[in-house]
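Breakdown of the fold
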Amino acid sequence: MNSPTRRRVAEDKSWVLAPLLELPHVVHAAVISGDGFIEGASPGLSREAAEGVAAMMSALQGAGRAVTAAFAEKTDTRLRQTVIESEEGFVFAIPAGENTCLAVFAGPEVNMGVVAHHMQIQVTTLGSKVMNSRARDTGTPA
């Protein structure tokens, strides 16, 4: 009998969003897995909206890599940043580790450089915390 494949339950990474949400004109933020799952979201973002954002951001990141690869005529393209500008404001997305991205939604008055800078700081903080976490005790000697 085949057992169903289970997705590993990710640690809630909402803590990394708090400093970003304190920036002027930042409305929401989320940590999103590459396969479209929410790993952390700002408190004011409904679950339904967060899940929609995660699914769409996953697709957008894939499309961004594909269009860049096509223009560059390379197959192994990595995104550094995705920015969407609309009448409602800006969406920023940057890689945040293995198969994860950090996304921020801010109003049109936002200072883009400040947000991008603080996003990089939080990605570094997230990486340090994940890399410095103690390994889980599996109960078996090595």
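Conventions and cut-offs
- Residues numbered from 1 in each chain as written.
- Predicted model: local features only at pLDDT ≥ 70, side-chain atom pairs only at ≥ 80, totals over all residues.
- Heavy atoms only, no water.
- Buried < 20%, exposed > 50% of the residue type's maximum accessible area, 1.4 Å probe, protein only.
- Helix = DSSP H or I, 4+ residues; strand = E, 2+ residues; numbered from the N terminus.
- Pairing = 2+ DSSP bridges.
- Contact = heavy atoms within 4.5 Å.
- Axes fitted to C-alpha atoms, helices over the stretch in contact; angles between N-to-C directions.
- Expected span 1.5 Å × (residues − 1).

Considerations on the pairing of strand 5 (residues 100–106)
- A large share of strand 5 lies buried, amounting to six of its seven residues.
- In terms of strand pairing, strand 1 (residues 26–33) meets strand 5 through seven bridges, oriented antiparallel. Residue pairing across strands places A29 opposite V104, the latter belonging to strand 5.
- Relative to strand 5, strand 4 (residues 89–95) runs antiparallel, the two sharing six bridges.

Focus on unusual backbone geometry
- You will see that H25, though not glycine, has its phi angle at about 75°, which is positive.
- Following the sequence through the fold, H25 ends up in the loop between helix 1 (18–21) and strand 1.
- Of the residues examined, H25 reaches a relative accessible area of 40% and is grouped as partly exposed.
- In the Ramachandran plot, E73 falls in the positive-phi region, its phi being about 55° despite a non-glycine side chain.

Quick word on the side chain of S58
- In this fold, S58 is placed in helix 2 (residues 47–72).
- Other than its neighbours up to four places away in sequence, S58 contacts S33, G34, D35 and G36.

Re the sheet that holds strand 1
- In spatial order, the strands read 2-1-5-4-3; together these five strands make up an open sheet with antiparallel pairing. Whereas interior strands pair on both sides, the edge strands pair on one side only; in this sheet they are strand 2 (38–41) and strand 3 (82–86). Recorded for the sheet is a direction-independent mean angle of 15° between the axes of neighbouring strands.
- Sheet topology places strand 3 next to strand 4; five bridges connect them, and they run antiparallel. Counterpart to S86 in the pairing with strand 4 is G89.
- Contacts from helix 2 reach strand 1, strand 2, strand 3, strand 4 and strand 5 within the one sheet, and its direction differs from that of strand 1 by about 65°.

Some points on helix 2
- Spanning 26 residues, helix 2 covers 37 Å between terminal C-alpha atoms, matching the ideal 38 Å at 1.5 Å per step.
- Looking only at helix 2, the buried set comprises A50, A54, M57, S58, Q61, G64 and A69.
- Considering only its buried residues, helix 2 is in contact with strand 1, strand 2, strand 3, strand 4 and strand 5.

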